[in-house]
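Summary of structural features
Below, each chain spelled out in residue letters.
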Amino acid sequence: MIDYARKIKLIIPDFDETLINASFQAARIDSMDLLTIRVEFENLNGQAFSDTDWLEFESLSDIINFCQNALQQRKAELTPTSELIGKGKIQINMPQMAIQALSENWLFKELGDMHWNLLCQGLKTKSFLLKDDLDNRLYATFVRIKIESTIPLNEFIENDELELNSNIERFGSGMYFSNISLGSGNGNIRAELMTSFSIRDGIDNTKLTKSQPAASANSISEYAQMPFFGDEYRLIKKGVTTELVLAGARFSVVDDAVFTSRYELNPYYDLNGVGLLYFAAYPIISNFCEARFFNHRENSDKRWEEEYHVIARDVLYFANCNIEDNIVYVLNTYEFFGTNKVKMSSSLFREKDMTLMARIFTIKVKRNEMA
C-alpha cells in the first residue's frame, strides 16, 4: 500500500490521500493521470492490466487492492525491443509550399505520417486493424507536437531537399513519443510528437475514450519513466504547471483574452479521413484567426500572413469536435521581442460547450527581405 500511495503522490503531487476511496471524478483524476498510473503500476507490479479488469476500477483504492491481491508473477516473455528509426529524403516542391514558405500544414501532416508509420511498424500491424482487448477500433490521437527550426519556414525554398531522420519510443503500451529531424542546406527543423490511443463513442468525436492496443508483438523500446515532454503536458492540462519554454522563450499559461474570433470548419480541409478534426488543422486555424487580429492592428502595406513566419510552435491537444461544430479562437497573449520576433499564446475552444480543445504557443519571425 505504501509503495502504491507513494507512486501516486509522485505522479500527482497535489493528490489528497483522503480521496483514495473516492471515484476518479471526485478525486479529480483525469484520463492522462489514469494512463500514467496504469503504466507506473504495471511497471511496479511486473504485470499488465487487461482492459477488462482496468475498466472495472472506479477508484484508486480499487486499483491498489487489485495489485495487492494479484498473483506474484512476472509478465509473459516480452518480444525483444529495439530502437525503431526512419530515414528518407523529400524535395520541396509546390505541394510542400504555401505563401512562399514551407507549408506548415504539409509539415505537420508529414511529421504525423512518419510517427504513425513507425508506430504501426513497431506494432506489426496496419492502422485500420488496430484494436483494443475489447475489439474496439483504435485511433491514434495526437496529444502534443512541438517544432523548433533554426530558420523561419519561409527560408526553406523551392527545390531544397530535406533529409529526414526519426525514431520512436513508448511509455507503456498506450503512449508513444517520436523525435524527428528535417534538414536542408539552409536550416534544420527538430520535432517532438506524442500520441495516445482513443476509441469513439459511435460517431461522436466529443466522446473519445483513452485505450491501448491489445496485447501483441511490440518491438518499440520502452522508457523507464514518463518523458518530460509527456509529463509537462499532463501537468499543464491539470493547471499545476503554469509556464512553458519554447525555443528559449518563456510563456505563461494563462486564460487572458486579448482577441476572440469565431471559426467555421471547412470539412473538405479541416477534417481527416475518419471525420475527426485533423491534428494538422489546429495550428492553421490559429494562423487564420491570428491574422484577423494583426491585419487590422499593424501599420504595414503587407498582410500579416506574408510578413511573419513560424520558427517555433508547440501545440497541446485536449479535445476534438464534430463536423457541425464551430471553433472559438482566443489570443491569450502576444509580445514583440528582439528586433523581428513575436511570441503568442492562444487557445481553441469548441463553441457549443466551450470545451478547451488546444493550447498553442508560437514564435514567428518577420520576413527578411534580403534573405
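It should be noted that the structure appears before, not after, this text.
What comes next concerns the included structure. Predicted model only: the values in this text are computed from it and were never measured.

**Digging into the nonpolar core**
Core analysis: the biggest nonpolar cluster contains 51 residues, and Leu111, Ile147, Leu182, Leu277, Ile285 and Ile327 have the highest contact counts within it. At seven residues, helix H8 (residues 281-297) tops the list of elements feeding residues into this core. Apart from the residues lying within four places of it in its own chain, the contact partners of Ile327 are Ser261, Arg262, Tyr263, Leu265, Leu277, Ile285, Cys321, Leu348, Phe349 and Met357. Grouped together as the second largest cluster of nonpolar side chains are 24 residues, Met32, Tyr233, Leu246 and Val253 included.

**Concerning H8**
Over its 17 residues, H8 extends 25 Å from the first C-alpha to the last, a length consistent with the 24 Å expected when each residue adds 1.5 Å. The largest bend in H8 amounts to roughly 25° and is located at Ala291. H8 sits mainly inside the fold: twelve of its 17 residues count as buried. For H8, the set of buried residues is Ala281, Tyr282, Pro283, Ile284, Ile285, Ser286, Asn287, Cys289, Glu290, Ala291, Phe293 and Phe294.

**Focus on helix H2 (residues 31-45)**
In this model H2 runs 21 Å from its N-terminal to its C-terminal C-alpha over 15 residues, within 8% of the 21 Å that 1.5 Å per residue would give. Here H2 lies mainly inside the structure; twelve of its 15 residues are buried. By the burial criterion, the buried members of H2 are Met32, Asp33, Leu34, Leu35, Thr36, Ile37, Arg38, Val39, Glu40, Phe41, Glu42 and Asn45. Downstream of H2 by one or two residues, Gly46 has phi in the positive range, about 70°.

What counts as what
- Residues numbered from 1 in each chain as written.
- Predicted model: local features only at pLDDT ≥ 70, side-chain atom pairs only at ≥ 80, totals over all residues.
- Heavy atoms only, no water.
- Core = buried A, V, L, I, M, F, W, Y, C linked by side-chain atoms within 4.5 Å.
- Buried < 20%, exposed > 50% of the residue type's maximum accessible area, 1.4 Å probe, protein only.
- Helix = DSSP H or I, 4+ residues; strand = E, 2+ residues; numbered from the N terminus.
- Contact = heavy atoms within 4.5 Å.
- Expected span 1.5 Å × (residues − 1).
- Bend = angle between axes of the 7 residues up to and from the residue.

Functional significance is not addressed by these values, which are geometric in nature.
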